[in-house]
Amino acid sequence: MVKDYEMPNDIRSWGVYVPEEAIERVAEVLKSGWINTGKHEKELRDLFRKKFLVAHCVAVNNGTAALRASYQMLGIGHGDEVVTTPYTFIATNTSLLEQGAIPVFADIRYGDLNVTAETIEEKLTSKTKAIVIVHYAGNPVDLDEIRALADSYNVPLIEDSAHAMGSKYKDSYIGQTGDLVTFSLQAVKIVTSGDGGIIATGREDYYERLQEISWYGVNRDKKQTNLFLDSLPDDISVLGYKYNMNDITATIAISALDHFDIPLQKRKSIAETYRRELKDLKTIKLLEYYRDRTPNYQIFPIHVEGRERFARYMWDKKIQVGVNNRRNDKYSIFGRSKSGQMTPVLRDLPNLRLADEDTILLPIHFDIDNDTLDYIVDSVIQYDKLK
């Protein structure tokens, strides 16, 4: 079996954009004598705040850590129910399991693969500790409606925005508003540092607590220590983790943020071509996009009739297409045990069932040139004519 990092040099599903200057910047950090969390990590946070107009942000070592720290900060723990999306990479929900919580899955809207206020409300109970949404594919959810719902039930909302850096909802960047908004800097994201994460928050008290949770219960920006004897404060009252981002990682992310608009505009151009050329096909259904939102097109999912046949057809043409994630409730780790038996896949999520059967990703990344894009589009159109 071929490993993902050993994939043939075809038209790949994913691409990595790292500016050339990142190499020189990282070399300078490596030679500096300080590669742990330091001035470059702080520079990254300042740059992120200014670029996306967020009030406060914390840098961590991956997007999953950003989620886990947010869940911990809210006190989500054993037996708590959290209403969440089942259509996401598993990290959104395995992080809840790590806290001892119970993910309660709401159905999605087939047209955009996002949960809605209506599907979330159906799952809310007196045991609900929080709501988690994902801005799937960088296409924002109905934020106004979902926030109003969360407020009416006095339940905190976490926005998993691993796909959504630079996306906008009603002219505001994702993360510009909201109490807990997490981002990923994983390898194939528009802004990558190899791996990394950011937590944006509009609340100063959350920011202070998250700083503590991300490094052993200590806020590195505030600690006053006697370096001659002890680098830690006299007391630590918060249980924290080893989630801090080092300066090597931060430096790569700074370079990526400095050039953010380059890969973003390339994705936008590719997506506009897909939307224009593929909109009237018989076997292909595009996602719904909305005038009051600006997606970043982190990925480009489509619905296709005969998904496996389509995938084989495209791979035969050296075009890598694939599934980003499966419905999370199919995995036994999310099943609920009753008399030692695992419950079957949930059956009250009809839109999820449809999406799980026919959604697939078209390639979208910086390395796709115009000739390659034309070839992909023509191949999809030719598949459609086979029907």
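Above this text you will find the structure in question.
An account of the accompanying structure is given in this report.

### Quick word on the overall build of the protein
When helices and strands are counted, the protein shows 12 helices and 15 strands. Radius of gyration (C-alpha) of the protein: 22 Å, near the 21 Å computed for a compact globule of 387 residues. When its C-alpha atoms are laid out on the principal axes, the protein stretches across 75 × 55 × 45 Å. In the protein, which comprises 387 residues, the share counted as buried stands at 53%.

### Points about a negative patch on the surface
On the surface, a cluster of negative charge is contributed by Glu 118, Glu 121, Glu 122 and Glu 145. Structurally, Glu 121 is set in helix 5 (residues 117-121).

### Digging into the sheet that holds strand 11 (residues 293-294)
The pairing of strands in a sheet happens through backbone hydrogen bonds and is either parallel or antiparallel. Taken together, 3 strands build an open sheet; the order of strands is 7-6-11 and the sheet is antiparallel. Looking at which strands have only one partner, the edges of the open sheet turn out to be strand 7 (172-173) and strand 11. Both strand 6 (residues 168-169) and strand 7 contribute to a ladder of 2 bridges, which runs antiparallel. Bridged to Lys 168 within strand 7 is Tyr 173.

### Let's talk about the environment of Leu 352
In this fold, Leu 352 is placed in helix 11 (residues 350-358). For Leu 352, a relative accessible area of 0% translates into the label buried. If sequence neighbours within four positions are ignored, Leu 352 has contacts with Pro 86, Tyr 87, Asp 107, Ile 108, Arg 327 and Asp 329.

### Thoughts on the sheet that holds strand 4 (residues 128-134)
Pairing is mixed across the open sheet formed by 7 strands, whose spatial order is 1-9-8-5-4-2-3. Here the strands that pair on one side only, and so sit at the sheet edges, are strand 1 (56-60) and strand 3 (102-105). When the angles between neighbouring strand axes are averaged without regard to direction, this sheet yields 25°. Together, strand 1, strand 4, strand 5 (157-160), strand 8 (180-184) and strand 9 (197-201) form the strand contacts of helix 3 (residues 63-73), whose direction differs from that of strand 8 by roughly 160°. Contacts from helix 7 (residues 204-213) reach strand 1, strand 8 and strand 9 within the one sheet, and its direction differs from that of strand 1 by about 20°.

### Side note on the pattern of salt bridges
Counted by the stated rule, this structure contains 21 salt bridges. Asp 348 is the salt-bridge partner of Lys 123, the closest N and O atoms lying 2.6 Å from each other. One end of the pair, Lys 123, is in the loop between helix 5 and strand 4; the other, Asp 348, is in the loop between strand 14 (341-342) and helix 11, and 225 residues separate them in sequence. With a relative accessible area of 44%, Asp 348 lands in the partly exposed category. Residues joined in a network through salt bridges with shared partners are Arg 109, Asp 112, Asp 142, Asp 292 and Arg 293.

Quick notes on the rules
- Residues numbered from 1 in each chain as written.
- Predicted model: local features only at pLDDT ≥ 70, side-chain atom pairs only at ≥ 80, totals over all residues.
- Heavy atoms only, no water.
- Helix = DSSP H or I, 4+ residues; strand = E, 2+ residues; numbered from the N terminus.
- Rg over C-alpha atoms; globule rule 2.2 N^0.38 Å.
- Buried < 20%, exposed > 50% of the residue type's maximum accessible area, 1.4 Å probe, protein only.
- Patch = residues over 30% accessible without salt bridge, like charges linked within 9 Å, V, L, I, M, F, W, Y side chains within 5 Å.
- Areas by Shrake-Rupley, 256 points an atom, 1.4 Å probe, with all protein chains shown as cover.
- Salt bridge = Lys/Arg side-chain N within 4 Å of Asp/Glu carboxyl O.
- Lys, Arg positive; Asp, Glu negative; His and termini not counted.
- Charge placed at Lys NZ, Arg CZ, Asp CG, Glu CD.
- Pairing = 2+ DSSP bridges.
- Contact = heavy atoms within 4.5 Å.
- Axes fitted to C-alpha atoms, helices over the stretch in contact; angles between N-to-C directions.

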